[in-house]
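Secondary and tertiary structure notes
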Amino acid sequence: MATERVRSITIIVLCEVAVLTLWFSATAVVPALKAEGGLDDHTASLFTSAVQIGFVVGTLASALFGLADRFDGRKLFAACALIGAGANALILFVDPASGTTIGLRFATGVIMAGVYPVGMRLVVAWAKADMGLLVGLLVGALTLGSASPHLFQFLGGLDWRLTLASASVVSVFGAVGILMAREGPGTRRAASFHFRHIAAYWTERPIRYANFGYLGHMWELYAMWAWIGVFLAAAYATHMSSEDARALAALMTFWVIAAGGLGAVVAGFLADRFGRTTIASASMIISGLCALTIGMLFDASPVMLSVVALVWGFSVVADSAQFSASVAELSDPERVGTMMTAQTSVGFLLTLISVHLVPWMAEEWGWRNAFYVLAIGPAFGTYAMLRLRRMPDALKLAGGRR
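Figured I'd write up the structure that's included with this text. (Residues numbered from 1 in each chain as written. Predicted model: local features only at pLDDT ≥ 70, side-chain atom pairs only at ≥ 80, totals over all residues. Heavy atoms only, no water.)

On to the pattern of salt bridges. Tallying each qualifying case throughout the model produces 9 salt bridges. A salt bridge links aspartate 72 to arginine 74; its shortest N-O distance comes to 2.8 Å. With respect to class, aspartate 72 is no different from arginine 74; both count as buried. Across the pair arginine 276 and glutamate 329 runs a salt bridge whose closest N-O atoms are separated by 2.9 Å. (Salt bridge = Lys/Arg side-chain N within 4 Å of Asp/Glu carboxyl O. Buried < 20%, exposed > 50% of the residue type's maximum accessible area, 1.4 Å probe, protein only.)

Throughout the structure, instances matching the rule amount to 18 aromatic pairs. An angle of 75 degrees between the planes, with centres 5.3 Å apart, marks the rings of tyrosine 209 and phenylalanine 212 as edge-to-face. Pair noted here: tyrosine 209 and phenylalanine 212 are both in helix α11 (residues 205–236), with a separation of 3 residues, about one helical turn. Aromatic pair phenylalanine 231 and phenylalanine 298: ring centres 5.7 Å apart, planes at 65 degrees, arrangement edge-to-face. With a gap of 67 residues between them, phenylalanine 231 in helix α11 and phenylalanine 298 in the loop between α13 (276–293) and α14 (302–318) connect regions that are remote in the sequence. Arginine 273 extends its terminal NZ or CZ atom over the ring of phenylalanine 269, reaching a point 3.7 Å from the ring centre. (Phe/Tyr/Trp six-rings, centres within 6.5 Å; stacked < 30°, edge-to-face > 60°. Helix = DSSP H or I, 4+ residues; strand = E, 2+ residues; numbered from the N terminus. Lys NZ or Arg CZ within 6 Å of the ring centre and 35° of its normal.)

What follows covers the side chain of serine 287. Relative to the helices and strands, serine 287 is located in helix α13. The exposure class assigned to serine 287 is buried, which follows from its relative accessible area of 1%. Those residues in contact with serine 287, other than ones at most four positions away along the chain, are Glu220, Trp312, Ser315, Val316 and Pro378. (Contact = heavy atoms within 4.5 Å.)

This part covers a nonpolar patch on the surface. A contiguous nonpolar patch, built from Leu82, Val172, Val176 and Met180 and spanning about 340 Å² of accessible area, is present on the exposed surface. In this fold, valine 172 is placed in helix α9 (residues 160–178). Judged by its relative accessible area of 35%, valine 172 falls in the partly exposed class. (Patch = residues over 30% accessible without salt bridge, like charges linked within 9 Å, V, L, I, M, F, W, Y side chains within 5 Å. Areas by Shrake-Rupley, 256 points an atom, 1.4 Å probe, with all protein chains shown as cover.)

Moving on: the nonpolar core. Residues Trp312 and Leu374 are the most contacted members of the largest nonpolar core, which totals 128 residues. Per element, the largest residue contribution to this core is 19 residues, and it comes from α11. Filtering out sequence-adjacent residues up to four positions away, tryptophan 312 remains in contact with Glu220, Met224, Ile228, Ser287, Cys290, Ala291, Ile294, Phe371 and Leu374. (Core = buried A, V, L, I, M, F, W, Y, C linked by side-chain atoms within 4.5 Å.)

Glancing now at the environment of valine 56. Within the secondary structure layout, valine 56 lies in helix α3 (residues 41–65). A relative accessible area of 8% means that valine 56 is categorised as buried. Along the sequence, valine 56 and alanine 129 sit 73 residues apart, while their C-alpha atoms lie 31 Å from each other. Sequence-distant contacts of valine 56, that is, excluding residues within four places in its chain, are made with Ser345, Phe348 and Leu349.

Geometry only, nothing functional implied.
Structural data, given as structure tokens:
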């Protein structure tokens, strides 16, 4: 059983990352498309944001119908991966700047609702006393995937056609590979869907506060990822040429986001031993302090600024897996997938606000002050997790370690 457990978990993590290259590839190819003159700034933003909007729509629909709990997760994952691969490949045959392409990116986002939260559901079904670590491994791998486009940009980019085609091919391998994994012993399939399954997102107090923590985390995370590179480029330019500043910012943005992959794994390991609310709160306190202080270092040496950015990148993801793990431990087994999907849906919906708020702050008050607003998220999230910690149901977390 132990060998089968390791084998299945490895397959699930690798297949999840493989299929989510459909998402990562959107960011990776935008610079190349703009260089060819195929995308203006508005279309370029839609090329990326359409996937995220589609994901919100898809996860909301999935949660409302309880898809993740009613069907074999491997088959649902495989079907969505194949459809997503096809939608992504069709972009090669249409004008990249057309509305059709934006529609295909939106469709890809919808389909990802059957991949990301379903993959988490498959992983947690194998958890014993290491749920935080298992979800942390998955989040860590996905974080590295999110960082990869910035490395491509630093290296000069890749041909966008090859990048998209490769993403579709890899996604097909992910669809086939997931069928080789087994469902874990913790799998409980719902015979039918009831509205109370999705209503528990709000009506059950412990789950509600775990979700509040996740919302605080998401308010900060994607806005930080989206704009840290622009901030670093502007800050570095006070010490070097604009060209060198952009190159260094691209490289550092890769490392800043990638540091979160390590943060997710380390925090997952620690949370299983010292408690979910403890590690999540500590992570958010550190990331919130980084959001408050990094703007003050705008004119500081690039080394000092880069160190703080790396600490922020590490801590801003460190808490991520613990909210999913908490919801899984607090929910009835037959609705774990629905709860995780609902949590993801609302969290990503919130990012659509904060991602657009930061550049407005920068325009009005400058990059030195742009990130202050993000500290609201970890402050609220820490409050929510400390409230959850005092509830009797918190003893369900991490084997009673809270």
